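# Structural overview for review
Listed below, chain by chain, are the residues.
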Amino acid sequence: MHQAPRGTADILPEQQRDWSFVYGTVAEAARAFGYARIDTPIFEDTALFARTVGEETDIVQKEMYSFQDRGGQEITLRPEGTAAVCRAYLEHGLHNQPLPVRLYYLCPMFRYDRPQAGRFRQFHQFGIEAIGDSDATVDLEVLQLAMESMERLGLGGMRLVLNNIGDAADRPRYVEALREHFRPHAAHMGRDDRRRLDTNPLRLLDSKELEGESFMASAPRSVDYIGEEARAHWQELLGYLDALGIPYRLDHTLVRGLDYYTRTVFEVHPAREGAQSAVCAGGRYDGLIEQLGGRPTPGIGFAAGIERLILNLREQGAEPQDAASAPLLLAYRGERAKAEAVRLAATLRKGSAAAVVVAPPRSLKAQLRYASALGARGVFILGDAELEHGTVTFRDMATSEQCEVPLTQAADAAR
RNA sequence: GUGGGCGUGGUCGAGGGGUUAAGACGCCAGGUUGUGGCCCUGGAGAUCGAGGGUUCGAUUCCCUCCGCUCACCCCA
């Protein structure tokens, strides 16, 4: 027997309610903020992700679904959305629109990871990007949209955590400071962390292995190394958050796992802290567009994991109500009646009612039982008597009331 | 990549070296002649994850593998 590949999941009919609720709600939130939908291909040239996400990141080093297509192209199933959206932004000259260009997406992502609660190899993200304006109000707007989405979903107690990792120009000084700080402790580190000391010292900050070590608390803070401009921008943003009464927590060890981030970085966590707790995360990426060959263009965005959002909804016991489509059922006795039932079903569907013809001929009793099990709203019964009169019997399954009406008025009877 | 837990009909889930391998839900049918949801009766459906080993005999014990799951790393 075949099974869905590891880390993938079928989204069964009974789960579709959750999914369409989340999709609908976040899309609405995005539109409320002036964001328009964009869809990019599920795969891209490998180089797009390798270069932007960062050669040293786990995503690129061990999590990409990469392969060579039949034409020899190096292809990768999209592990995240930002690089692809920026590519599309450049490719289609979206900078000719009023800036910032506000975009959102809802689509599957792929990362080769060991699956666990809230983590899959194929998962889905709701993401937004605001490209082309570096003003602090745009940062604010993005944070607001993140929190607004949670609120509209009915996810209470979400906490916003943020940090500022400075501009690319500030980075070398900070990275050097980190190296200097951590180097004396290299002996206490595992292999991975020692390597990070060379390749990407930022990542040492959120290393779980080093958590609690005495030298962690005294590690240099990125906010102390950011330039004047970035600092002003940062202060302005925090000012807005304070003025608007938006709660947040500063975390100087929040650095994010993708290389393209600059300045503002943030995560949204549910009240109940657990593994994989971030349901939403993002940040500014002011150098990314330029790196992709465009003019220097700032950008900021976030991505939220749909599966994690749904997981949290479930934990909160939120039950999105959405009346399951209650169909009308066509029951019949005899071949002629069957033909008539098929015809009537077609008419009903034209009138946009959900109509189901009982498939195998069964006793009327069985057909009604079937209707019950399906949750049918009503049943049309066609038998010899009805055929003779040119009528059909309609039974309301909730009230058990029946009436016989002319075939031509069947649709009205169902209402 | 590392570690823990678990793999019995579609689902949940007892059991245990030799059994017709429980039970529940679900599914199908019947409880008379054209009528559901409750109830009653019956039925279909399991090579007990796979391979190997121990044994007279394994689904039950051992090993390996695979899968699921949780956690670590990392991430949404």
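Note that the structure is a prediction, hence the values are computed from the model and not measured.

This part covers the overall build of chain A. When its secondary structure is counted, chain A shows 15 helices and 16 strands. For 415 residues, the compact-globule estimate of 2.2 N^0.38 gives 22 Å, and the C-alpha radius of gyration of chain A, at 28 Å, exceeds that figure by more than 25%. Taking the principal axes of its C-alpha atoms as reference, chain A extends roughly 95 × 50 × 45 Å. Burial status across chain A gives 48% buried among its 415 residues. Restricting the contact set of chain A to residue pairs at least 6 apart, pairs at least 24 apart contribute 68%. In the form shown here, chain A has an accessible surface area of approximately 20800 Å², with 50% of it arising from carbon and sulfur atoms.

The strand order across the open sheet formed by three strands is β2-β4-β3, and the pairing between neighbours is antiparallel. Sheet topology places β2 (43-45) and β3 (65-68) at the edges, where each strand pairs with a single neighbour. Looking at each pair of strands side by side, their axes are set apart by 30 degrees on average, direction ignored. Alignment of β3 against strand β4 (residues 74-77), held across four bridges, turns out to be antiparallel. Bridge pairing in β4 links Q68 to E74. Sheet strands in contact with helix α2 (residues 46-53) are β2, β3 and β4, and its direction is about 75 degrees off that of β2.

On to the domain arrangement of chain A. The domain architecture assigned to chain A consists of domain 1 (13-170 + 226-315) and domain 2 (328-413). Taking only C-alpha atoms, the centre of domain 1 and the centre of domain 2 are 51 Å apart.

For R203, the location among the structural elements is in the loop between α7 (191-199) and α8 (214-217). Residues in contact with R203, not counting those within four places in the same chain, are R196, V255, R256 and G257.

Glancing now at the confidence of the model for chain A. Per-chain confidence: chain A averages 91 in pLDDT, with 96% of residues scoring 70 or above. Per-element averaging of pLDDT across chain A places α7 at the bottom with 77 and strand β1 (residues 36-37) at the top with 98.

Okay, the packing of helix α1 (residues 16-32) against helix α5 (residues 136-153) next. One can describe the packing of α1 onto α5 by two numbers: an axis separation of 9 Å at closest approach and a directional angle of 140 degrees. Classified by the angle their axes make, α1 and α5 are oblique. Both α1 and α5 take part in a crossing whose hand is right-handed. Here α1 contributes F21, V22, T25, V26, E28, A29, A30 and A32 to the contact with α5, which in turn contributes L145, S149, R152 and L153. Looking at the contact of α1 with α5 residue by residue, the class counts come to eight nonpolar, two polar and two charged.

Turning next to the pairing of strand β7 (residues 159-164). Across the six residues of β7, five count as buried, placing the element largely inside the fold. Note: β7 against strand β9 (residues 262-269), six bridges, orientation antiparallel. Residue pairing for β9: N163 is matched across the bridge by V265.

This part covers the sheet that holds strand β10 (residues 280-284). With mixed pairing, the eight strands of this open sheet are ordered in space as β1-β5-β6-β11-β10-β9-β7-β8. The open sheet has two free edges, formed respectively by β1 and β8 (249-250), since each of these has just one partner strand. Inspection of the sheet shows β10 paired to strand β11 (residues 299-305) by five bridges, in the antiparallel sense. Looking across to β11, one finds that G283 is bridged to G301.

For the rest of this paragraph, the subject is the pattern of salt bridges. Evaluation of the coordinates by the stated rule reveals 16 salt bridges. A salt bridge links E267 to R256, with the nearest nitrogen and oxygen atoms 2.8 Å apart. Taken as a pair, E267 in strand β9 and R256 in the loop between β8 and β9 lie far apart in primary sequence, eleven residues in all. The pair E267 / R256 is uniform in exposure class, with both members buried. Between E340 and R343 there is a salt bridge; the shortest N-O distance is 3.1 Å. Of this pair, E340 and R343 both sit in helix α12 (residues 335-350), three residues apart, which is roughly one turn of that helix. The buried category is assigned to E340, whose relative accessible area is 16%. One network of salt bridges, with partners in common, ties together E28, E148 and R152.

Rules used in this analysis
- Residues numbered from 1 in each chain as written.
- Chains lettered and ligands numbered in written order.
- Predicted model: local features only at pLDDT ≥ 70, side-chain atom pairs only at ≥ 80, totals over all residues.
- Heavy atoms only, no water.
- Helix = DSSP H or I, 4+ residues; strand = E, 2+ residues; numbered from the N terminus.
- Rg over C-alpha atoms; globule rule 2.2 N^0.38 Å.
- Buried < 20%, exposed > 50% of the residue type's maximum accessible area, 1.4 Å probe, protein only.
- Contact = heavy atoms within 4.5 Å.
- Areas by Shrake-Rupley, 256 points an atom, 1.4 Å probe, with all protein chains shown as cover.
- Pairing = 2+ DSSP bridges.
- Axes fitted to C-alpha atoms, helices over the stretch in contact; angles between N-to-C directions.
- Domains from an automatic or database assignment.
- pLDDT = per-residue confidence, 0-100.
- Parallel < 35°, antiparallel > 145°, perpendicular 65-115°, else oblique.
- Left-handed = near helix turned anticlockwise from the far one by under 90°.
- Nonpolar A, V, L, I, M, F, W, Y, C, P; charged D, E, K, R; others polar.
- Salt bridge = Lys/Arg side-chain N within 4 Å of Asp/Glu carboxyl O.

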